[in-house]
Amino acid sequence: MSEIVISAKKLSLVFPTPDGDVHALSDVDLEINKGDFVSFIGPSGCGKTTFLRTIADLELPTSGELQVNGVSAAEARKARAYGYVFQHASLYPWRTIESNIALPLEIMGFSKAEQKQRVKQVLELVSLDDFAKKYPWQLSGGMQQRASIARSLAFDADLLLMDEPFGALDEIVRDHLNQQLLELWARTNKTICFVTHSINEAVYLSTKIVVMSPRPGRVIDVITSTLPKDRPLDIRESDEFRDIAHRVREGLRAGQSYDG
Amino acid sequence: MMGKNGKLIPILTVLAVIIAIWYVCVVWLNAPFEYDQAQRNDIELTFGEMVSNTMAQKRPVLPAVHQVFEEIWNTTVLKKVTSKRSLIYHAWITLSVTLLGFIMGGILGILLSVGIVHNKAMDKSVMPWVITSQTIPILAIAPMIIVVLNAIGFSGLIPKAFIATYLSFFPIVVGMVKGLRSPDQAQLDLMRTYNASKSQLFWKLRWPSSMPYLFTSLKVAVAAALVGAIVAELPTGAVAGLGARMLAGSYYGQTIQIWSALFVAAIVAAGLVIIVGILHNYVLGRMGQLDGQGAREADA
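Residues numbered from 1 in each chain as written. Chains lettered and ligands numbered in written order. Predicted model: local features only at pLDDT ≥ 70, side-chain atom pairs only at ≥ 80, totals over all residues.

1. A word on the overall build of chain B
Inference 1: The helix and strand inventory of chain B stands at 13 helices and zero strands.
Inference 2: Along the chain direction, N to C, the helices and strands of chain B fall in the order α-α-α-α-α-α-α-α-α-α-α-α-α.
Inference 3: The C-alpha radius of gyration computed for chain B amounts to 24 Å, which surpasses the reference 19 Å derived for 300 residues by more than 25%, pointing to a less compact arrangement than a globule.
Inference 4: Considering only C-alpha atoms, chain B reaches an extent of 90 × 55 × 35 Å along its principal axes.
Inference 5: In chain B, the proportion of contacts linking residues at least 24 apart, taken out of those at least 6 apart, comes to 71%. (Helix = DSSP H or I, 4+ residues; strand = E, 2+ residues; numbered from the N terminus. Rg over C-alpha atoms; globule rule 2.2 N^0.38 Å. Contact = placed C-beta atoms within 7 Å.)

2. Some thoughts on the overall build of chain A
Inference 1: When helices and strands are counted, chain A shows eight helices and 10 strands.
Inference 2: The globule rule puts the C-alpha radius of gyration for 260 residues at 18 Å, and the 18 Å found for chain A is close to it.
Inference 3: With respect to the principal axes defined by its C-alpha atoms, chain A has extents near 55 × 45 × 40 Å.
Inference 4: When contacts within chain A are restricted to residue pairs at least 6 apart in sequence, long-range pairs at least 24 apart make up 70% of them.

3. Concerning the domain arrangement of chain A
Residues and elements named next belong to chain A.
Inference 1: Domains assigned within chain A are domain 1 (4-81 + 158-258) and domain 2 (90-156).
Inference 2: Computed over C-alpha atoms, the centres of domain 1 and domain 2 are 25 Å apart.
Inference 3: Counting from both sides, the interface comprises nine residues of domain 1 and, opposite them, nine residues of domain 2.
Inference 4: The element best represented in the side of domain 1 that touches domain 2 is helix α6 (residues 171-188), accounting for three residues.
Inference 5: A class-by-class count of the residues in the side of domain 1 that touches domain 2 yields eight nonpolar, no polar and one charged. (Domains from an automatic or database assignment. Nonpolar A, V, L, I, M, F, W, Y, C, P; charged D, E, K, R; others polar.)

4. Observations concerning the interface of chain A and chain B
Inference 1: On the side of chain B, 18 residues touch chain A, which itself brings 19 residues to the contact.
Inference 2: Secondary-structure elements contributing two or more residues to the side of chain A that touches chain B are α2 (73-78) and α3 (97-107) of chain A.
Inference 3: With three residues, α3(A) is the largest single contributor of residues to the side of chain A that touches chain B.
Inference 4: Tallied by class, residues from the side of chain A that touches chain B come to 13 nonpolar, three polar and three charged.

5. Observations concerning helix α4 (residues 65-76) of chain B
Residues and elements named next belong to chain B.
Inference 1: Compared with an ideal rise of 1.5 Å per residue, which puts 12 residues at 16 Å, α4 spans 16 Å between its outermost C-alpha atoms and is within 8% of the ideal.
Inference 2: Those residues of α4 not exposed but buried are Gln67, Val68, Glu71 and Thr75. Buried residues of α4, viewed axially, fall in a sector of 100 degrees; they line one side.
Inference 3: In this structure, the buried side of α4 is in contact with α5 (87-118) and α12 (255-286). (Expected span 1.5 Å × (residues − 1). Buried ≥ 20, exposed ≤ 12 C-beta atoms within 10 Å, placed from the backbone. Arc of directions from axis to C-beta.)

6. Let's talk about the sheet that holds strand β6 (residues 82-85) of chain A
All names here are of chain A.
Inference 1: Reading across from one edge, β6-β7-β8-β3-β9-β10 is the order of the six strands in this open sheet, with mixed pairing throughout. The sheet terminates laterally at β6 and β10 (218-224), the two strands that pair on one side only. Neighbouring strand axes in the sheet, compared pairwise and without regard to direction, differ in orientation by 15 degrees on average.
Inference 2: Sheet topology note: the strand β3 (residues 37-41)/strand β9 (residues 208-213) ladder contains four bridges and is parallel. Following the sheet pairing, Ile41 is matched in β9 by Val211.
Inference 3: Across the sheet, helix α1 (residues 48-55) lies against β3, β7 (159-163), β8 (191-196) and β9, angled at about 150 degrees from β8, the strand it touches most.
Inference 4: Packing of helix α5 (residues 141-153) onto the sheet brings it into contact with β6 and β7, and relative to β6 it is tilted by some 165 degrees. (Pairing = 2+ DSSP bridges. Axes fitted to C-alpha atoms, helices over the stretch in contact; angles between N-to-C directions.)

7. A look at the domain arrangement of chain B
Residue and element names in this part refer to chain B.
Inference 1: Domain parsing of chain B yields domain 1 (1-62) and domain 2 (63-299).
Inference 2: Placing a centre on the C-alpha atoms of domain 1 and another on those of domain 2 gives a separation of 34 Å.
Inference 3: Contacts between the two partners involve nine residues from domain 1 and, on the opposite side, seven residues from domain 2.
Inference 4: Each residue belonging to the side of domain 1 that touches domain 2 can be placed in one class, and the counts come to eight nonpolar, no polar and one charged.

8. Digging into helix α10 (residues 198-233) of chain B
Inference 1: Here α10(B) spans only 43 Å end to end across 36 residues, well under the 52 Å set by a 1.5 Å rise per residue.
Inference 2: Along α10(B), the helix axis deviates most sharply at Met211(B), where the bend reaches about 45 degrees; the proline Pro212(B) sits within four residues downstream. (Bend = angle between axes of the 7 residues up to and from the residue.)

9. Looking at the nonpolar core
All names here are of chain A.
Inference 1: One finds Ile55, Tyr82, Ile101, Ala150, Leu161 and Cys193 to be the most contacted residues of the largest nonpolar core, which totals 76 residues.
Inference 2: Two domains each donate at least three residues to this core, and these are domain 1 (4-81 + 158-258) and domain 2 (90-156).
Inference 3: Excluding residues within four positions of it along the chain, Cys193 makes contact with Ile32, Val38, Phe40, Leu52, Ile55, Leu161 and Met162. (Core = buried A, V, L, I, M, F, W, Y, C linked by C-beta atoms within 7 Å.)

10. Regarding the sheet that holds strand β1 (residues 4-17) of chain A
Residue and element names in this part refer to chain A.
Inference 1: One open sheet accounts for four strands, arranged β2-β1-β4-β5; its pairing is antiparallel. Edge positions in the sheet fall to β2 (20-33) and β5 (71-72), since each of these pairs with one other strand and no more.
Inference 2: In this sheet, β2 lies alongside β1 in antiparallel orientation, the contact comprising 10 bridges. Bridge assignment links Val14 to a residue of β2, and that residue is His23.

11. Some words on the packing of α3(A) against helix α4 (residues 112-125) of chain A
Residue and element names in this part refer to chain A.
Inference 1: Their axes nearest at 9 Å, the elements α3 and α4 cross at an angle of 125 degrees. The orientation of α3 with respect to α4, classified from their angle, is oblique. The interaxial crossing formed by α3 with α4 has right-handed handedness. Taking contact as the criterion, the partners of Glu98, Ile101, Ala102, Leu105 and Glu106 in α3 are, on α4, Gln115, Arg118, Val119, Val122 and Leu123.
Inference 2: Here the contact of α3 with α4 is built from residues that sort into six nonpolar, one polar and three charged. (Parallel < 35°, antiparallel > 145°, perpendicular 65-115°, else oblique. Left-handed = near helix turned anticlockwise from the far one by under 90°.)

12. Focus on the environment of Ala89(A)
All names here are of chain A.
Inference 1: One can find Ala89 in the loop between β6 and α3.
Inference 2: Put simply, Ala89 and Leu233 are 144 residues apart on the chain and 25 Å apart in space, counted from C-alpha to C-alpha.
Inference 3: Not counting chain neighbours up to four residues away, the residues in contact with Ala89 comprise Gln144, Gln145, Ala147 and Ser148.

In structure tokens form, the structure reads like this:
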């Protein structure tokens, strides 16, 4: 239907360790279209984070083919094709919030005026405009994570890679941020790859859910969501939502039994 | 100082205990001389007389604290700065060597640490030598350095400063290697996702991360530089400087002179450490790291 942003063919990644090789990814085939919100879900060790890091060119695949925006992952990284959100906000503690958000802009050589304007814009987007001059430790965990999302949005890459960004937050904050993230996605029409542990989070957010299983890390199921784009929080009580969640759970269980 | 940390009272308590022990030792160590004198002159010595005498000897085994401070007062406030007997003059000589050695040691230490962090070969080859360098007794190598440098035309301040450098670069290398390596994997990965250059990675991540480590090692280094400067004055027949004062004092049994030079050295060292500490607070304060979580790091 639309243009392909990420395409993986028979992608494998093996980490050599003293106890033998660990197959973090094994023959992963996947295509992600522009504008998709894709969640990767699975137990720890299933390679979901590794896959995200491979897209980001933070890990090198052992074999197989991976294209991001039609070029190699390394070239895409050098072209600054994506914004990455880490599990922990990983803001630099000696920089204020606005200065943290300006960091990628400084590195990419944006003019001072443009930096200022963009920082202001993304701070409003994540509703942190009142905290621009604060240091990271003066903010709550949820606010820090919002700041780190703002940082990844600042240079306006079309692709957003998020590695369990809300994993360390409590459920109330998480619900709130999920809602905000959906709004943001609807407004900016970015492609988002989102790693999570939570079935609810995956179903609520995604247009596409990739279910993975460990040892070796592989894709068990790819579920295309039938939920509408506009999703109020109570959509999670609907039958449709429950059906999709059920299918995800089945996939996860299948992955487990495969393991013995 | 007192209001912030409540450190003043414990410090003063310890100081009072030390002074009390000191005076007991003064009486104990200097008493034999008094009894000896009394016996020779056939005088009966009361305990009270003995005690007061032990604190007023010309060449005591251990001078009393007030004697030392009297000597310091006489040789600082009451002497012209230009006088060869002024402790301010001698302290300035030692201080200038210390500062020059400290600055050179700082630059050398930072350069070495940058090299070690960025270059695997340097990490493997230089670091063991840096550690080995500190196992050589400084007293043994100091005269060699002076002689060799004299032979190639360096004399005066520079050779002594080299010895101060020799002692002060080490804590800086060790601290800065740790500091420049302190960014965690996510912080490094973040820079990689931006395709940051090596120099951007250094100036925007490694360097600011290393600041708490830098200042902690600078505090150690500045005190080590002072020790180096004093040691450099001992074997070289230096005629000026706190080390020279101590040496001259020991030649002539002038224990009060030795102790007063020692006290001034300690005061200079404390002053230097305090100045570095103020700088530390200023820089980290500007980096927003002196309150809350940051404070623990800054106190280290």
